[in-house]
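Coordinate inspection notes
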Amino acid sequence: MNQSATHNVTEFVLLGFRGCWEVQIFLFSLLLVVYVLTLLGNAAIICAVRWDPRLHTPMYFLLGNFAFLEIWYVSSTVPNMLANILSKTKTISFSGCFLQFYFFFSLGTTECLFLAIMAYDRYLAICRPLHYPTIMTGRLCGMLVSLCWVTGFLGYPIPIFFISQLPFCGPNIIDHFLCDMDPLMALACAPAPIAEFIFYTQSSLVLFFTVMYILRSYTLLLRAVLQVPSAVGRRKAFSTCGSHLVVVCLFYGTVMVMYVSPTCGIPTLMQKILTLMYSVMTPLFNPLIYSLRNKDMKFALRNVLCRMRISQNS
């Protein structure tokens, strides 16, 4: 299609969370604090993994890369939300909207793949401890991480490109704080059943296969842990895997409600809150969950803080 002939809409209006000016200032302050804490928490995990030699293991290598991913994931939405709250027009350009759409779903897909690989790592560490050092090598970790990033970012360019070529000739108001699939398709002046089918099939397959693999891994892991004769050993195993399982439940629980169950019966405000939970709050909680339940990580984070104090004093 000729883009100039079909795109009468040159920008979209993101309504976000509506309310009086005082409410908008409160939301801006809250989101700013959450964003800064998310950046600091995940950056601290990256520094701890990089600087502490005891954390140079596959589990922490994956955790450091996961923290790096979370920084980009939250940055795909929150800076624009903050600017949108202060803006009087609340507009986002046509290309900016689809770029956000692409990065948001690509990073979300990458996160699903990361969570599956982290479950695989925990399964090997507990169910096959003798083979773990020879299987989960640094080279394999690097390959798995690269595969997550490449797969996540190569999956959506084609369907999103075809959706962007649809004619948008009518209203340009999106009752959301980001450019999402359903609001965009509702504004298109022509249907795109093939592009929609590819997009939703791809998203559903990623969610289904990753969550099924994680559940299978943890079923086998739980069975192996229950066979450990020592109560101390069982507690240690549960502590090691509990953090990852909490993150999985937080992320997949809200994502499944949004993209697997029908959203037509969910109020718009609830859809916004659910999206806010998995796209903003989960990256905030991850550093807390992983650090509070892990002695090695807490010790490494203390070392990071000590280094920062020493560098400031010098």
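Residues numbered from 1 in each chain as written. Predicted model: local features only at pLDDT ≥ 70, side-chain atom pairs only at ≥ 80, totals over all residues. Heavy atoms only, no water.

In the nomenclature of an unreviewed UniProt entry, the chain is known as Olfactory receptor of Orycteropus afer afer. Under Sequence similarities (unreviewed entry), UniProt gives the following word-for-word description of the chain: "Belongs to the G-protein coupled receptor 1 family." According to UniProt, the comment filed for the chain under the heading Subcellular location (unreviewed entry) is "Cell membrane". (UniProt positions renumbered as here; feature names shortened; annotations may be inferred.)

Glancing now at the packing of aromatic side chains. Considering all chains together, one arrives at 28 aromatic pairs under this definition. When the ring centre of phenylalanine 17 is taken as reference, the NZ or CZ atom of lysine 272 above it lies at 5.8 Å. (Phe/Tyr/Trp six-rings, centres within 6.5 Å; stacked < 30°, edge-to-face > 60°. Lys NZ or Arg CZ within 6 Å of the ring centre and 35° of its normal.)

Positive phi outside glycine occurs at lysine 90, with the angle close to 55°. When you line up the elements, lysine 90 lands in the loop between α4 (78–86) and β2 (91–93). (Helix = DSSP H or I, 4+ residues; strand = E, 2+ residues; numbered from the N terminus.)

Bringing the state of the cysteines into the picture now. Overall, the coordinates contain 2 disulfides when judged by the stated rule. Note on cysteine connectivity: cysteine 97 is disulfide-linked to cysteine 179, with sulfurs 1.9 Å apart. Residues cysteine 97 and cysteine 179 share a disulfide whose torsion about the S-S bond is about -125°; that sign makes it left-handed. Of this pair, cysteine 97 sits in helix α5 (residues 94–127) while cysteine 179 is found in the loop between β3 (173–174) and α9 (181–187), placing the two residues 82 residues apart along the sequence. The exposure classification of cysteine 97 matches that of cysteine 179, with both residues buried. (Disulfide = S-S within 2.5 Å. Buried < 20%, exposed > 50% of the residue type's maximum accessible area, 1.4 Å probe, protein only.)

Taking strand neighbours across the sheet as the criterion, the 3 strands line up as β2-β1-β3 in an open arrangement whose pairing is mixed. Taken across any chain shown, the strands that pair with only one partner, and hence form the sheet edges, are β2 and β3. Pairing analysis gives 3 bridges linking strand β1 (residues 11–14) to β2, with the strands arranged antiparallel. Bridge pairing links glutamate 11 to serine 93 in β2. Across the sheet, α5 is in contact with β1, β2 and β3; its angle to β2 comes to roughly 85°. (Pairing = 2+ DSSP bridges. Contact = heavy atoms within 4.5 Å. Axes fitted to C-alpha atoms, helices over the stretch in contact; angles between N-to-C directions.)

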